[in-house]
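Results of the structural survey
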Amino acid sequence: MRDGPTVSVVIPVWNEDLRSLRALYARLQRVLDVWATSWELLLVDDGSQERTAQALRALAEEDPRIHLLRFERRRGQEAALVAGMLAACGTFICTMDCDLEHRPEDLPRMLAPLMEGCDLVLGRRRSLRNLSLARRLISKIYTVIMNIRWGVGLRDWGCGFNVLRGVLLDRVRPHVLRRPVEGPLKRTFIRCAARWAEVTVTPDVRRYGRSGYRGARFLRHAIRMVLFGTSSSSDGGEGAFSTAALTSSASGVLSQARRFPLAHPVRCELVGDERAD
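Residues numbered from 1 in each chain as written. Predicted model: local features only at pLDDT ≥ 70, side-chain atom pairs only at ≥ 80, totals over all residues. Heavy atoms only, no water.

Further remarks concern the environment of Val172. Within the element layout of this structure, Val172 appears in helix H6 (residues 166-177). Discounting residues that sit within four places of it in the chain, Val172 has contacts with Thr188, Phe189 and Cys192. (Helix = DSSP H or I, 4+ residues; strand = E, 2+ residues; numbered from the N terminus. Contact = heavy atoms within 4.5 Å.)

Now for the nonpolar core. Judged by nonpolar contacts, the single largest core of 34 residues is most densely connected at Val9, Ile11, Leu28, Leu41, Leu43 and Leu107. Listed by contribution, the elements that provide at least two residues to this core are strand S1 (7-13), helix H1 (18-35), strand S2 (39-46), helix H2 (50-62), strand S3 (66-71), strand S4 (92-95), helix H4 (107-115) and strand S7 (196-201). Per-element tally for this core: the top contributor is H1, with five residues. Residues within four places of Leu43 in sequence aside, it is in contact with Ile11, Val13, Leu56, Leu59, Ile66, His67, Leu68 and Leu69. Counting residues in hydrophobic clusters, the runner-up holds 31 residues, among them Ala83, Tyr142, Met146 and Leu185. (Core = buried A, V, L, I, M, F, W, Y, C linked by side-chain atoms within 4.5 Å. Buried < 20%, exposed > 50% of the residue type's maximum accessible area, 1.4 Å probe, protein only.)

Below, the discussion takes up the pairing of strand S5 (residues 120-125). If a strand is regular, its side chains alternate between the two faces of the sheet. Taking burial as the measure, the six residues of S5 include five buried ones, the bulk of the element. Two elements, S5 and strand S6 (residues 162-165), share three bridges in a ladder whose sense is antiparallel. Within the sheet, the bridge partner assigned to Val121 lies in S6 and is Val163. When S5 meets S7, the two strands line up parallel, connected through six bridges. Its bridge partner being in S7, Leu122 is matched across the sheet by Glu198. (Pairing = 2+ DSSP bridges.)

We note that Asn15 has phi near 50°; this positive angle belongs to a residue other than glycine. Here Asn15 shows up in the loop between S1 and H1. Looking at Asn15, the relative accessible area reads 28%, which means it is partly exposed.

Spelled out as structure tokens, the structure:
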């Protein structure tokens, strides 16, 4: 049993529109204040520009339930997600995007199977109409190829709206920190889960800003996931392949009770969290 809030929500952020962040926080607050006894929101700033970084700091200072981790330079969505998850203390942990395409109102329905004994619930988008025609086509082909490549029968590999039990994350931790990376995170979670399920969610159209995964970047991300099981590159630049080192650094900053050896030290700072004292 974990000693922490009922729900931890982990959201990676990279140069996101400030209106999206405010709207997402307000909607999450309405949902979680009703559904959860206690909750925390972990925003992982993946090396955003200073304007976004300042907005995140201001948001974290408004609510003690918001915890901010910030990478000094961009490391990629996967590293940001794992850093946030390893730092989360909740009984249930949710990962979602910050662009409002994932509806916070779907969260109670996503959490329901966990109450019935599932360890892991993966979102499956009802429709891809919010995406461009090219991205819809790539997403469908991507799911087919990922299922063949990694031997998992998922209906939607591209959905980042997922929830899991904190105890499952504790079991997965050694696999996440191991190098080289042992395939996609979803596959690792599925292999370690006693029971898992997919739940259909309704994606919304992005209201503010532009997606960070457009054109060549989206295609490059898909190719890396198919070949290596990670969206990180091996050149030590953006999305460096040493995901274990990145996440160890971030989680060690957030909670001194969770320290891991670093393969390569990475600068990560924490804003507005008393647990680092």
